[in-house]
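Residues per chain, in single letters:
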Amino acid sequence: MRPSFSSLSLSAASLSHTPCLTSSLTSQKMRLILLRSALKRGASKAIRSFSSESAPERKVAILGAAGGIGQPLALLMKLNPLVSTLSLYDIMGTPGVAADVSHINTRAQVAGFVGDDQLGDALKGADVVIIPAGVPRKPGMTRDDLFNINAGIVKGLCTAIAKHCPGALVNMISNPVNSTVPIAAEVFKKAGTYDEKKLFGVTTLDVVRAKTFYAGKGKVPVESVNVPVVGGHAGITILPLFSQATPAANALGAEDIKALTKRTQDGGTEVVEAKAGKGSATLSMAYAGAVFADACLKGLNGVPDVVECSFVQSTVTELPFFASKVRLGKNGVEEVLGLGPLSDFEKEGLEALKPELKASIEKGIKFANEN
Ligand SMILES: NC(=O)c1ccc[n+]([C@@H]2O[C@H](COP(=O)([O-])OP(=O)(O)OC[C@H]3O[C@@H](n4cnc5c(N)ncnc54)[C@H](O)[C@@H]3O)[C@@H](O)[C@H]2O)c1
Ligand SMILES: O=C(O)C[C@H](O)C(=O)O
């Protein structure tokens with residue numbers, strides 16, 4: 001994501017590096033001309049990136065916007081020049097978060113909404129809805145332990161989405177993602193608004209972690225690393241495909257790959273334990289959520305070849321939902337990409353994750369239909 005202010009710093013840099021020229025003009029006059037033309041170039045660049053004409057109007061709503069993820073995610077979405085309206089909803093605290101974020105001098109107009117009565121207005125006209133609402137883990141808990149509270153929260157919010165912005169792309173962050181995405185699908189089916197191309201479980205944090213850990217161990221530049229992560233978003237259902245990682249890190253042996261896989265699968269728990277009762281990943285999740293929402297917006301805007309991993313309705317395996325690489329387009333999912341060639345270790349991991357993922361999906365479907 002490139003915040004629009006980057007072009008301003010570029011133009012400042014180009015000003016200070018303007019070379020000296022010799023001509024019949026005095027050097028002072030020449031400096032003035034160069035300064036004017038550099039300013040003009042810089043200003044037009046800045047106007048291009050700030051202008052609401054350069055990108056379509058896009059409304060992004062964050063549900064759970066006053067929480068540990070919600071607040072930094074609101075900040076990052078306010079910095080995204082593709083967002084024209086940023087709608088911040090929570091059951092408490094959003095007026096303050098919205099007032100704070102709204103003072104940042106970027107394109108998005110910010111509005112805060114609080115409580116059931118204002119949920120409809122928060123959602124109306126949204127192109128993308130991001131859901132980090134719900135309780136996080138404490139040490140000793142699994143993501144599934146959050147089901148009893150978060151399933152109901154997600155169900156209520158998705159019922160409102162079906163009513164107020166049925167065409168929006170939904171980015172589900174609330175855990176357990178392996179169950180909350182199927183819950184959302186069932187709610188939308190019941191409401192007659194389900195479009196499998198528009199529902200996404202956000203698994204980007206697994207990819208972010210896999211990239212970071214691989215770069216560290218393989219001693220390759222982190223910015224150039226790509227690693228697909230497939231399956232789901234809990235424990236062994238998180239399956240990083242390091243055999244497909246680029247660039248190749250030749251120094252990594254089978255034991256290293258095993259350790260990297262385990263660290264990626266346990267990345268959430270690593271943060272939960274380090275926070276010692278004060279919640280789970282929030283800052284890295286906000287970053288990951290912003291990366292994924294940005295990809296959705298780019299797809300909606302017609303940018304070609306936008307590919308991210310996500311937990312979506314799928315025929316890649318026999319399971320009805322599965323995370324894999326997905327090509328994003330003007331209607332959401334344009335293509336669910338296959339797994340590609342797997343190593344024997346990854347093939348074993350794939351078979352091992354299926355029973356747990358299947359059970360979590362079925363639990364979500366059952367809840368949505370019985371409550
Ligand atoms: N998908 C992922 O990779 C990933 C990563 C990290 C955390 N998570 C999950 O995200 C969720 C949020 O985590 P957090 O650390 O931000 O928690 P948090 O407790 O800090 O914030 C949650 C926010 O949700 C709000 N909320 C509760 N019920 C709501 C409702 N009905 N409508 C709107 N808002 C509501 C709360 O008021 C709170 O502000 C958790 O379920 C966590 O497990 C997922
Ligand atoms: O681990 C958690 O509970 C939060 C999140 O799913 C994560 O992966 O960090």
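Cut-off values and rules
Residues numbered from 1 in each chain as written. Chains lettered and ligands numbered in written order. Predicted model: local features only at pLDDT ≥ 70, side-chain atom pairs only at ≥ 80, totals over all residues. Heavy atoms only, no water. UniProt positions renumbered as here; feature names shortened; annotations may be inferred. Core = buried A, V, L, I, M, F, W, Y, C linked by side-chain atoms within 4.5 Å. Buried < 20%, exposed > 50% of the residue type's maximum accessible area, 1.4 Å probe, protein only. Helix = DSSP H or I, 4+ residues; strand = E, 2+ residues; numbered from the N terminus. Contact = heavy atoms within 4.5 Å. Polar contact = N/O pair within 3.5 Å; in protein donor to acceptor, adjacent residues only side chain to side chain. Expected span 1.5 Å × (residues − 1). Axes fitted to C-alpha atoms, helices over the stretch in contact; angles between N-to-C directions. Left-handed = near helix turned anticlockwise from the far one by under 90°. Nonpolar A, V, L, I, M, F, W, Y, C, P; charged D, E, K, R; others polar. Phe/Tyr/Trp six-rings, centres within 6.5 Å; stacked < 30°, edge-to-face > 60°. Lys NZ or Arg CZ within 6 Å of the ring centre and 35° of its normal.

As recorded in an unreviewed UniProt entry, the protein chain goes by Malate dehydrogenase and comes from Rhynchospora breviuscula. For the protein chain, the Subunit (unreviewed entry) comment in UniProt is given as "Homodimer." The heading Sequence similarities (unreviewed entry) in the UniProt record of the protein chain holds the text "Belongs to the LDH/MDH superfamily. MDH type 1 family."

Draft legend 1. How the structure looks around the nonpolar core. In this structure, Leu 63, Leu 123, Val 129, Ile 131, Ile 161 and Phe 188 are the most contacted members of the largest nonpolar core, which totals 48 residues. Of all the secondary structure elements, the ones that give two or more residues to this core are strand E1 (59–63), helix H5 (119–123), strand E4 (128–131), helix H6 (147–164), strand E5 (169–172), helix H7 (177–191), strand E10 (321–329) and helix H12 (344–370). Top element by residues in this core is H6. It accounts for 8 residues. The contact partners of Ile 131, leaving out residues within four places of it in the chain, are Leu 63, Leu 157, Cys 158, Ile 161, Val 170, Asn 171, Met 172, Ile 173 and Ser 174.

Draft legend 2. Here's a closer look at the UniProt feature "active site" (unreviewed entry) in the protein chain. Following the UniProt record, the feature "active site" (unreviewed entry) maps to His 233 here. Topologically, His 233 is positioned in the loop between strand E7 (229–231) and strand E8 (238–240). Once you skip the residues sitting within four places of it in the chain, His 233 turns out to touch Arg 143, Asn 175, Val 177, Asn 178, Thr 203, Asp 206 and Ile 238. Within the local environment of His 233, its side chain forms a polar contact with the side chain of Asp 206, the two groups lying 2.8 Å apart.

Draft legend 3. Main features of unusual backbone geometry. With an omega of -5°, the peptide bond running from Asn 175 to Pro 176 counts as cis. Here Pro 176 lies in the loop between E5 and H7. Between Thr 246 and the following residue, Pro 247, the backbone shows a cis peptide bond with an omega angle of -10°. Of note in this structure, Lys 219 is not a glycine but carries a positive phi near 50°. Looking at where Lys 219 falls in the secondary structure, it is placed in the loop between helix H8 (204–218) and E7. The backbone phi angle of Asp 305 is positive, close to 55°, even though this residue is not glycine. For Asp 305, the position within the fold is in the loop between helix H11 (283–300) and strand E9 (306–313).

Draft legend 4. Quick peek at the UniProt feature "domain: Lactate/malate dehydrogenase C-terminal" (unreviewed entry) in the protein chain. Per the UniProt record, the feature "domain: Lactate/malate dehydrogenase C-terminal" (unreviewed entry) sits at residues 203–367. The span residues 203–367 is 47% helix and 17% strand, and its two end C-alpha atoms sit 22 Å from each other.

Draft legend 5. Representation of H6. In this model, H6 (18 residues) spans 25 Å end to end at C-alpha, consistent with the 26 Å of a helix rising 1.5 Å per residue. Of all the positions in H6, only Phe 147, Asn 150, Ala 151, Val 154, Lys 155, Leu 157, Cys 158, Ala 160, Ile 161 and Ala 162 are classed as buried.

Draft legend 6. View of the packing of H7 against H12. It is at 7 Å that the axes of H7 and H12 come closest, and there the two elements cross at 35°. For the pair H7 and H12, the crossing hand works out as right-handed. On the side of H7, the interface is formed by Asn 178, Ser 179, Pro 182, Ile 183, Glu 186 and Lys 190, while H12 contributes Leu 357, Ser 360, Ile 361, Gly 364, Ile 365, Phe 367, Ala 368 and Asn 369. Residues that form the contact of H7 with H12 fall into these classes: 7 nonpolar, 5 polar and 2 charged.

Draft legend 7. Spotlight on the packing of aromatic side chains. Inspection of the entire model under this criterion finds 4 aromatic pairs. Look at Phe 147 and Phe 367: their rings are 5.5 Å apart centre to centre, the planes differ by 90°, and that puts the pair in the edge-to-face class. Note that Phe 147 is positioned in helix H6 and Phe 367 in helix H12, a separation of 220 residues in sequence. Exposure class is identical for Phe 147 and Phe 367. Each is buried. Taking 5.8 Å as the distance between ring centres and 10° as the angle between the ring planes, the aromatic pair formed by Tyr 214 and Phe 242 counts as stacked. Here Phe 242 lies in the loop between E8 and helix H9 (254–265) and Tyr 214 lies in helix H8, a separation of 28 residues in the sequence. With respect to burial, Tyr 214 and Phe 242 carry one shared label: buried. Stacked on the ring of Phe 213, the Lys or Arg Arg 263 has its end atom at 3.9 Å from the ring centre. When the ring centre of Phe 147 is taken as origin, the NZ or CZ atom of Lys 363, which lies over that ring, is 4.6 Å away.

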